[in-house]
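# Coordinate analysis (summary)
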Amino acid sequence: MKKRTLAAMGAGAFISASALIGAPATMQAEGMKLAPYYDSVGVKTWCVGETEVGYKDKFEKSECDFLYTIRYGYYSMRTTEFYNDRAKAVLTPEVHAAVVDTAYNVGLGAIQKSSIVRKLNAGDAGGACEAILLYKYVGKHDCSVPGNKVCPGVWSRRLKMNQLCKRGVENVLDTPDRA
């Protein structure tokens, strides 16, 4: 029996497993826009939630796919730098995918200083899952308020990532070694 954690799987297999779970979910949550637009807080955005690299007036789908692949991988790798050994012992691909999705949405700086990472580094993966739900504000708008018109997608995204994370906490239990 092997645990499906970062500590047990090794970094390469872990990052790959996490990306297979998380990248499609983040892509779905972000959506793809070939022309730039301003998001709900006025940030110029294009492709799959891109705000930093390669701005132009119009993009091809292949360009957006490429940017997303690079950016998601970057966020995944950078996020792993925030985990200590305690976190690595409880971190499953699902938990990591939920953290990466939240980082992709709120930024690496916010995640690095977050209660999500603090809980993981204390070995409390379940607490980290609940901490994802604290990221419910866009500007001064509480996205969890029923009927809000500013950011309803943010709250549904946090709920989905909370559930994915909890599924990962359940998977930290011993699973058969399929190697």
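Let us look at the structure shown here. What you are looking at is a predicted structure, and each value in this text was computed from that prediction instead of being measured.

Quick notes on the rules
Residues numbered from 1 in each chain as written. Predicted model: local features only at pLDDT ≥ 70, side-chain atom pairs only at ≥ 80, totals over all residues. Heavy atoms only, no water. Helix = DSSP H or I, 4+ residues; strand = E, 2+ residues; numbered from the N terminus. Contact = heavy atoms within 4.5 Å. Phe/Tyr/Trp six-rings, centres within 6.5 Å; stacked < 30°, edge-to-face > 60°. Buried < 20%, exposed > 50% of the residue type's maximum accessible area, 1.4 Å probe, protein only. Axes fitted to C-alpha atoms, helices over the stretch in contact; angles between N-to-C directions. Parallel < 35°, antiparallel > 145°, perpendicular 65-115°, else oblique. Nonpolar A, V, L, I, M, F, W, Y, C, P; charged D, E, K, R; others polar.

## Remarks on the environment of Ala125
Residue placement: Ala125 occurs in helix H8 (residues 125–132). Sequence separation of Ala125 and Pro152 is 27 residues, and the distance between their C-alpha atoms is 26 Å. If we skip the residues at most four places from it in the chain, Ala125 touches Val90, Leu120, Cys165 and Val169.

## Overview of the packing of aromatic side chains
Per the stated rule, a full pass over the model turns up five aromatic pairs. Judged by centre distance (5.7 Å) and plane angle (70°), the rings of Tyr68 and Tyr104 are edge-to-face. Here Tyr104 lies in helix H5 (residues 93–106) and Tyr68 lies in helix H3 (residues 61–80), a separation of 36 residues in the sequence. The same class applies to Tyr68 as to Tyr104, namely buried. Here the aromatic rings of Tyr75 and Tyr104 are separated by 5.2 Å at their centres, their planes lie at 50°, and the arrangement is tilted. Taken together, the residues Tyr75 in helix H3 and Tyr104 in helix H5 connect sequence positions 29 residues apart. A single burial state applies to Tyr75 and to Tyr104, both of which are buried.

## Things to note about the packing of helix H2 (residues 11–30) against helix H9 (residues 152–171)
It is the contact of H2 with H9, at a shortest axis distance of 11 Å, that shows an interaxial angle of 170°. Accordingly, the angle class assigned to the pair H2 and H9 is roughly antiparallel. Residue-level contacts link Ile21, Ala25, Thr26, Ala29 and Glu30 of H2 to Arg157, Met161 and Leu164 of H9. Residues of the contact of H2 with H9, tallied by class, amount to five nonpolar, one polar and two charged.

Everything listed is a geometric property; what it means functionally is a separate question.
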